[in-house]
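So the chains spell out like this:
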Amino acid sequence: MWQVLACGAVVFPGLFFAFRKVLPAVFKHWTDADVVLVSERLVSSIHALMATTAGVVIVSSCRGNIIYDRHWLTTYFVIWYGVPYMTYDIFAMYLSHYYRYHVKGHEDYKQHSLRTVNSFVRREFLLVLHHIALLTILLPITLFFRKDQGDFFIGCLFLTELSTPFVSLGKILIQLSLQDCWLHKANGGMVLVTFFVCRIALFPFMYWMYGRHYAVPLYAVPFHLPLATNLGSSCILAPQVYWFVLLCRKGYRLYRRSRGPPDAIDAAAAGSKED
């Protein structure tokens, strides 16, 4: 009973609902779009902290033999928290998309419909695809196809969530009109660092660890692995590289705007909040 009550199918929608009730009482001038956006980001941060903690525990416990060492948290977290969160987050992203256009008075967003769902999928196609890929690829691999091996690498994949709280904090600071404060700038640096280390450099690290275990040089590891493994890694890594490039471009634009005249800075701040 306690497992059912604690699992992600209850925890994440419950937190989202609670934040949607509490935030309007604290920030009375916020629109529905503001409340849903911040609620989604807060829940994402909570899940990211849980996943990162699980990843640290698993990786630190499976360093002896990275292929055969096991930790119960690997499968448990994927089933009880990973899958429910990814499913919930698709819905939460849709709500955020819907209310963003609803409060602007768009004709197509007066009520939920297949048209609003289709618009969401088209605008957020890469994110939706990313979530669906994790549900349809990571879950079966974790439960059925890895033959109880590689808990270390599953733990490493959990560590990719470390950048999420910083990304969410940046959105929340913009929502609070604090995009010009030092905290927002410092957080932007942390976004770039954690995103690169945990979502991009992590993959060469995993290949290196695999090569070290089997005494295979790094450049030869892809040829030592099954094709499906390389394809899966590429499918996960490719959108991370794309998003990292977008983050770098956005950071560079903000840096240039911060060095411009005051009027330009005010216009940039208004534009950032609108995004």
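Residues numbered from 1 in each chain as written. Predicted model: local features only at pLDDT ≥ 70, side-chain atom pairs only at ≥ 80, totals over all residues. Heavy atoms only, no water.

A. Just the overall build of the chain, in detail. A count of helices and strands for the chain gives 13 helices and 0 strands. Secondary structure elements of the chain occur, N-terminal to C-terminal, as α-α-α-α-α-α-α-α-α-α-α-α-α. Relative to the 2.2 N^0.38 estimate, which gives 19 Å for 275 residues, the radius of gyration of the chain is 20 Å and therefore close to what a compact globule would have. Along the first, second and third principal axes, the C-alpha set of the chain runs to 60 × 50 × 30 Å. A burial count over the chain gives 40% of its 275 residues as buried. Partitioning the intrachain contacts of the chain with sequence separation of at least 6 by distance along the chain shows that 70% fall at a separation of at least 24. Of the roughly 15,500 Å² of accessible surface on the chain, 67% is carried by carbon and sulfur atoms. For the chain, the distance from the average site of its 25 positive side-chain charges to the average site of its 16 negative ones is 3 Å. (Helix = DSSP H or I, 4+ residues; strand = E, 2+ residues; numbered from the N terminus. Rg over C-alpha atoms; globule rule 2.2 N^0.38 Å. Buried < 20%, exposed > 50% of the residue type's maximum accessible area, 1.4 Å probe, protein only. Contact = heavy atoms within 4.5 Å. Areas by Shrake-Rupley, 256 points an atom, 1.4 Å probe, with all protein chains shown as cover. Lys, Arg positive; Asp, Glu negative; His and termini not counted. Charge placed at Lys NZ, Arg CZ, Asp CG, Glu CD.)

B. Looking closely at the side chain of Ser119. With respect to the helices and strands, the residue Ser119 is situated in helix α5 (residues 114–123). The class for Ser119 is buried, based on a relative accessible area of 8%. Each residue touching Ser119, except ones within four places of it in the same chain, is listed here: His97 and Tyr109.

C. Here's a closer look at the packing of helix α4 (residues 73–102) against α5. For the pair α4 and α5, interaxial distance at closest approach is 10 Å and the crossing angle is 105°. Judged by the angle between their axes, α4 and α5 are roughly perpendicular. Here Ile90, Met93, Tyr94, His97, Tyr98 and Tyr101 of α4 lie close against α5, whose contacting residues are Thr116, Val117, Ser119, Phe120 and Arg123. Each residue belonging to the contact of α4 with α5 can be placed in one class, and the counts come to 7 nonpolar, 3 polar and 1 charged. (Axes fitted to C-alpha atoms, helices over the stretch in contact; angles between N-to-C directions. Parallel < 35°, antiparallel > 145°, perpendicular 65-115°, else oblique. Nonpolar A, V, L, I, M, F, W, Y, C, P; charged D, E, K, R; others polar.)

D. Layout of the pattern of salt bridges. For the structure shown, the criterion picks out 3 salt bridges. Across the pair Arg70 and Asp148 runs a salt bridge whose closest N-O atoms are separated by 3.5 Å. Taken as a pair, Arg70 in the loop between α3 (32–61) and α4 and Asp148 in the loop between α6 (125–145) and α7 (151–158) lie far apart in primary sequence, 78 residues in all. The class of Arg70 is partly exposed, set by a relative accessible area of 42%. For Arg100, the salt bridge is made with Glu124, and the minimal N-O distance between the two is 3.7 Å. (Salt bridge = Lys/Arg side-chain N within 4 Å of Asp/Glu carboxyl O.)

E. Broad picture of the packing of aromatic side chains. On inspection of all chains with the given rule, the structure shows 21 aromatic pairs. Relative to Tyr85, the ring of Phe12 has its centre 5.2 Å away and its plane inclined at 75°; by these criteria the two rings are edge-to-face. Of this pair, Phe12 sits in helix α2 (residues 8–26) while Tyr85 sits in helix α4, and the two are 73 residues apart along the sequence. Summarising the burial analysis for this pair, Phe12 and Tyr85 share the class buried. (Phe/Tyr/Trp six-rings, centres within 6.5 Å; stacked < 30°, edge-to-face > 60°.)

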